[in-house]
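# Residue-level structure breakdown
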Amino acid sequence: MSKKIIDLFPTPVFKTNLIDTEQYDELALSELAKYLMSDGAPANPELQIGEGDMKTCYMEDWKTTSYVIDDDDELCDAINASLSQFAHAQGTEYVKLADSWYTVMNKGSRIHRHRHESNVICGTLFVSMPEGSHGLAFVNPTTVAKMEDRVNTSTKYSEAAHLMEVKNGDLLIYPSWLEHFVPPVECDGRVTISFNADYSRFR
Amino acid sequence: MDGVHVTGQYGLFPTLVATYNLLDHPAYSKIVTEVNKTVTSQHSIMKDSESTYDESAGNNWLDKSYLSDFRQQIQDCVDHYASEYKLKQCFIKNSWMNRVGKGGSVRAHRHEGSVISGAFYPVADEGSCPLVFKSPISMYRMSEILLTEDLYNCYNQEIPCEQGQLILFPSWLEHYTDDNKTDNRITISFNTFYQ
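Right, let's walk through the structure included here. Keep in mind it's a predicted model, so treat the numbers as computed, not measured.

### Points about the overall build of chain A
Looking only at helices and strands, chain A has three helices and twelve strands in total. The globule rule puts the C-alpha radius of gyration for 203 residues at 17 Å, and the 18 Å found for chain A is close to it. Each principal axis of the C-alpha distribution contributes one length, and for chain A these read about 60 × 40 × 30 Å. Taking all 203 residues of chain A together, the buried fraction comes to 58%. Relative to all contacts within chain A whose residues are 6 or more apart in sequence, the contacts with residues 24 or more apart total 81%.

### Some points on unusual backbone geometry
Residues and elements named next belong to chain B. With a phi close to 55°, Phe-13 is a non-glycine residue in the positive phi region. Residue Phe-13 is classed as buried on the basis of its relative accessible area of 1%. Located in the positive-phi region is Lys-86, a residue other than glycine, with phi close to 65°. Mapping Lys-86 onto the fold places it in the loop between α2 (68–85) and β5 (90–106). Look at Lys-86 and you get partly exposed, because its relative accessible area is 36%.

### Focus: the sheet that holds strand β6 (residues 110–114) of chain A
What links the strands of a sheet is backbone hydrogen bonding, and the strands pair in either a parallel or an antiparallel sense. Residues and elements named next belong to chain A. The five strands are arranged β3-β6-β11-β8-β9 in an open sheet whose pairing can be described as antiparallel. Of all strands in the sheet, those bounded by a partner on one side alone are β3 (50–51) and β9 (161–164). Relative to β6, β3 runs antiparallel, the two sharing two bridges. Bridging across to β6, Glu-51 finds its partner in Arg-110.

### Regarding the packing of aromatic side chains
Inspection of every chain in the model, using the stated rule, returns eleven aromatic pairs over all chains. Relative to Tyr-140 of chain B, the ring of Trp-177 of chain A has its centre 5.1 Å away and its plane inclined at 5°; by these criteria the two rings are stacked. Separated into two different chains, Trp-177 of chain A in the loop between β10 (170–175) and β11 (180–182) and Tyr-140 of chain B in the loop between β7 (131–134) and β8 (156–159) make up a pair that spans both. For Trp-177 of chain A, a relative accessible area of 7% translates into the label buried. Taken together, the ring pairs in this structure connect Tyr-157 of chain A together with Tyr-81 and Tyr-85 of chain B into an aromatic cluster.

### Some points on the side chain of Asn-106 of chain A
With respect to the secondary-structure elements, Asn-106 of chain A resides in the loop between β5 (95–105) and β6. Those residues in contact with Asn-106 of chain A that sit more than four places away from it in its chain are Asp-53, Val-185, Cys-187, Asp-188 and Gly-189 of chain A.

### Points about helix α3 (residues 73–89) of chain A
All names here are of chain A. Between its first and last C-alpha atoms α3 spans 24 Å; for 17 residues at 1.5 Å apiece the expected length is 24 Å, and the two agree. With 13 of its 17 residues buried, α3 lies for the most part within the structure. Phi for Gly-91, located one or two positions after α3, is positive at around 70°.

### Some remarks on the nonpolar core
With 33 residues, the main nonpolar core has Tyr-81, Ile-116, Leu-166 and Leu-168 of chain B as its most contacted residues. Going through the elements one at a time, β2 (15–21), α1 (28–37), α2, β5, β6 (116–124), β9 (165–170) and β11 (185–194) of chain B are the ones with two or more residues in this core. For this core, the element with the highest residue contribution is α2 of chain B, accounting for seven residues. Apart from residues no more than four positions distant in its own chain, Leu-168 of chain B is found in contact with Leu-16, Val-17, Ala-18, Tyr-20, Cys-77, Val-78, Tyr-81, Ile-116, Ser-117, Gly-118 and Phe-190 of chain B. Among the nonpolar cores identified, the runner-up in size contains 32 residues, and Phe-14, Leu-29, Cys-57 and Leu-97 of chain A belong to it.

### Observations regarding a negative patch on the surface
Residue and element names in this part refer to chain A. Residues Asp-25, Glu-26, Glu-31, Asp-73, Glu-74 and Asp-77 make up a contiguous surface patch of negative charge. Only α1 (26–38) and α3 provide two or more residues apiece to the negative patch. The dominant element in the negative patch, judged by the number of residues it contributes, is α3, at three residues. Note on placement: Asp-77 falls in helix α3.

### Digging into the side chain of Asn-196 of chain A
Residue and element names in this part refer to chain A. Turning to its location among the elements, Asn-196 is positioned in strand β12 (residues 190–199). There is a polar contact of 2.8 Å between the side chain of Asn-196 and the side chain of His-116. Among residues more than four places away in sequence, those in contact with Asn-196 are Lys-96, Leu-97, Ala-98, Asp-99, Trp-101, His-116, Asn-119, Ile-121 and Cys-122.

### Digging into the interface of chain B and chain A
Each partner contributes to the interface: chain B provides 58 residues, whereas chain A provides 61 residues. In total, about 5,500 Å² of surface goes out of reach between chain B and chain A, with carbon and sulfur atoms giving 63% of it. Between chain B and chain A we count 25 residue pairs in polar contact (both at pLDDT 80 or more) in total. Looking at the side of chain B that touches chain A, the elements with two or more residues in it are β1 (8–12), β2, α2, β7, β8 and β11 of chain B. Top element by residues in the side of chain B that touches chain A is β2 of chain B. It accounts for seven residues. Split into classes, the residues belonging to the side of chain B that touches chain A amount to 32 nonpolar, 19 polar and seven charged. The pairing of strand β1 (residues 3–8) of chain A with β2 of chain B spans six bridges and is classified as antiparallel.

About the cut-offs
- Residues numbered from 1 in each chain as written.
- Chains lettered and ligands numbered in written order.
- Predicted model: local features only at pLDDT ≥ 70, side-chain atom pairs only at ≥ 80, totals over all residues.
- Heavy atoms only, no water.
- Helix = DSSP H or I, 4+ residues; strand = E, 2+ residues; numbered from the N terminus.
- Rg over C-alpha atoms; globule rule 2.2 N^0.38 Å.
- Buried < 20%, exposed > 50% of the residue type's maximum accessible area, 1.4 Å probe, protein only.
- Contact = heavy atoms within 4.5 Å.
- Pairing = 2+ DSSP bridges.
- Phe/Tyr/Trp six-rings, centres within 6.5 Å; stacked < 30°, edge-to-face > 60°.
- Expected span 1.5 Å × (residues − 1).
- Core = buried A, V, L, I, M, F, W, Y, C linked by side-chain atoms within 4.5 Å.
- Patch = residues over 30% accessible without salt bridge, like charges linked within 9 Å, V, L, I, M, F, W, Y side chains within 5 Å.
- Areas by Shrake-Rupley, 256 points an atom, 1.4 Å probe, with all protein chains shown as cover.
- Salt bridge = Lys/Arg side-chain N within 4 Å of Asp/Glu carboxyl O.
- Lys, Arg positive; Asp, Glu negative; His and termini not counted.
- Charge placed at Lys NZ, Arg CZ, Asp CG, Glu CD.
- Polar contact = N/O pair within 3.5 Å; in protein donor to acceptor, adjacent residues only side chain to side chain.
- Buried area = accessible area lost by both parts, 1.4 Å probe.
- Nonpolar A, V, L, I, M, F, W, Y, C, P; charged D, E, K, R; others polar.

Geometric values such as these leave the question of function open.
Here it is as structure tokens:
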């Protein structure tokens, strides 16, 4: 008897490492982490969707005001290239980087589950991930339908959430509708830059 | 695409569908004989088609003693599916037969109160309409403007209807058929639940 397993309707998430793929310099990433940790900019209250010792700051204009891009079109280009590849893979119109912000999390802090409404694709660059950090946990969008599931062990078919572990320089790209969160971190100095991307013709 | 290096492309939270070819099962001819003598009647979920499904009379098409070997084969497939999914063991409960001819179809539905459901095609003319599953995540994609349809963005996914094939799927997954273009598309459907 022949049998075949078919995985239908997966949700795409891309991961690439900008250091390993030589799209970004390790030293520059380290300097960026130091800069963001010491940045005295006030936290943006609209972006405080977590709790604990953490700060989220909005970069109003990614291209002109932030340290990241002033010296570094390379990073912007790398992110836009990954966004294009993701859009191509999921068959959607091409998108461009829109708004972005950075988050510094210290021990015990966490970010609640959320999604990025009014956007198409979003992503997170992991600038500094000390030991005890966590990547991003994505929430299973099909759980709501599974009222009769009783599982022995969690699998990709049944898991309530999937934690993507990451390292310095990793870039995650995912659909904006996909809910995600950060479990409580067990270290100081977890630094990320997150961003939204939208169709360029709407901007 | 030049200059881009994706080191990991993940397809998270897929929905498990499995197919099994039972055409060579020794008891296959008994199933076909039983199909040919089964009386069906119209059912509201189907258009221009007939079924044995009847809540008041019970649905136990597969429970005849002379079909027990074949029923056990289907149960083995259910066990395989549950093992892949890591579900607790499920057992075939109710079962019924559908007869869809030319122009007939099955409206979109799911199987409430069941865990794993199945469709087995004992008789299916070549070119019979496929079983179509509706994406459970398309409702989230209001911001996406699609250029092409692919694995990640499709609204529906068709599984071809082939004689002798068993399809297992989660009972919560909505499914339907378009109009059938052949004279004979016969399905044995069933639901499962825990002990």
